[in-house]
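Breakdown of the fold
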Amino acid sequence: MLYFCYALLYIVIFMFGAAIGSFLNVCIYRLPKEESLTKVNSHCMSCGAFIQKRDLIPIFSWLILRGKCRSCKAKISGRYPLVESLNAVLYVLIFAYYGIMEQPLEAVICCLVFSALIVVFFMDLDTQLISMYVVGFIGIMGAAQTLTDFLSSGTEAIISHGIGMAAGFLPLMLIVVLSGERAMGWGDAWLMLAGGLFLGIKAVVPALFFGLILGSVFGMIHKVRTGDSKFAFGPYLSLGIAAAVFAGEPVADWYLAICGF
């Protein structure tokens, strides 16, 4: 019976994650255009027809419609169910990592941060813009995580998250200033400030390392393929922050052990 209850909870978490993923698609499309996220009904990008409620079921509606608009039969991007599925799967993995009963508040905060990182990833990939609203939201979640850790660990948590915020921001700020925003934009620096606040000192350094290495590798590939050195760095910093949630502190502990600390 216990296993059945857990399975049911994870199904609910998956469905909720998919529903939030549907909203993330709206954010990814509308935030760069500065359109309202709530006042405009969902509509087909080709014919403008409003999407009926029965066609707004995350993942399944796209499959039932075979990726086409019900009105004009125009192709609907596969990214929509991809984002919905990705967010849903991440929610399940995060709750499995933290535990539904053990650390539910930490899991909820982490889920919301990952959702925001998905928006940063795809929005920056499409437009090379990072929404400060989304970064601000990550910062708020970082403050919530700091408070949660403070209640369990005391003032050490505030110090860790404060230093993490500075450690995430200052290196990228220097890159932005010294390169005149050619190597990296301010959005990337503010993203790592918010991410550093959320992660804390131990995890933010691996996050920066993961993000910068990934960005450098894919940046070189992009330059070889297109001849253009300008590309979005936000997606790779987002991946770095996400990876550091699970692997950041173990990697930091491993490195410190090698150095004899």
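To keep things clear, this report deals only with the structure shown in the data block. These figures come from a predicted structure and were not determined experimentally. (Residues numbered from 1 in each chain as written. Predicted model: local features only at pLDDT ≥ 70, side-chain atom pairs only at ≥ 80, totals over all residues. Heavy atoms only, no water.)

**Some words on the packing of helix α4 (residues 104-127) against helix α7 (residues 186-199)**
The geometry of α4 relative to α7 is characterised by a closest axis approach of 12 Å and an angle of 165 degrees between their N-to-C directions. By the criterion of interaxial angle, the relationship of α4 to α7 is roughly antiparallel. With respect to the hand of their crossing, α4 and α7 are arranged in left-handed fashion. Between α4 and α7, the residues in contact are Ile109, Cys110, Val113, Leu117, Val120 and Asp124 and Asp188, Leu191 and Phe198, respectively. (Axes fitted to C-alpha atoms, helices over the stretch in contact; angles between N-to-C directions. Helix = DSSP H or I, 4+ residues; strand = E, 2+ residues; numbered from the N terminus. Parallel < 35°, antiparallel > 145°, perpendicular 65-115°, else oblique. Left-handed = near helix turned anticlockwise from the far one by under 90°. Contact = heavy atoms within 4.5 Å.)

**Comments concerning the packing of aromatic side chains**
Applying the stated criterion across every chain yields a total of ten aromatic pairs. Site record: aromatic cluster; members linked through ring pairs are Tyr97, Tyr98, Phe114 and Phe246. (Phe/Tyr/Trp six-rings, centres within 6.5 Å; stacked < 30°, edge-to-face > 60°.)

**Structural notes on the nonpolar core**
Counting 50 residues, the largest nonpolar core has Leu191, Met192 and Leu199 as its most contacted members. Contributing elements (two or more residues each) for this core: α1 (2-30), α3 (79-98), α4, α5 (132-153), α6 (155-179), α7, α8 (201-226) and α9 (234-258). Per element, the largest residue contribution to this core is 13 residues, and it comes from α4. Contacts of methionine 192, omitting those with residues within four sequence positions, involve Gly168, Phe169, Leu172, Val204, Ala207, Leu208, Leu237 and Ile241. (Core = buried A, V, L, I, M, F, W, Y, C linked by side-chain atoms within 4.5 Å. Buried < 20%, exposed > 50% of the residue type's maximum accessible area, 1.4 Å probe, protein only.)

In short, the description is geometric, and any link to function would need to be established separately.
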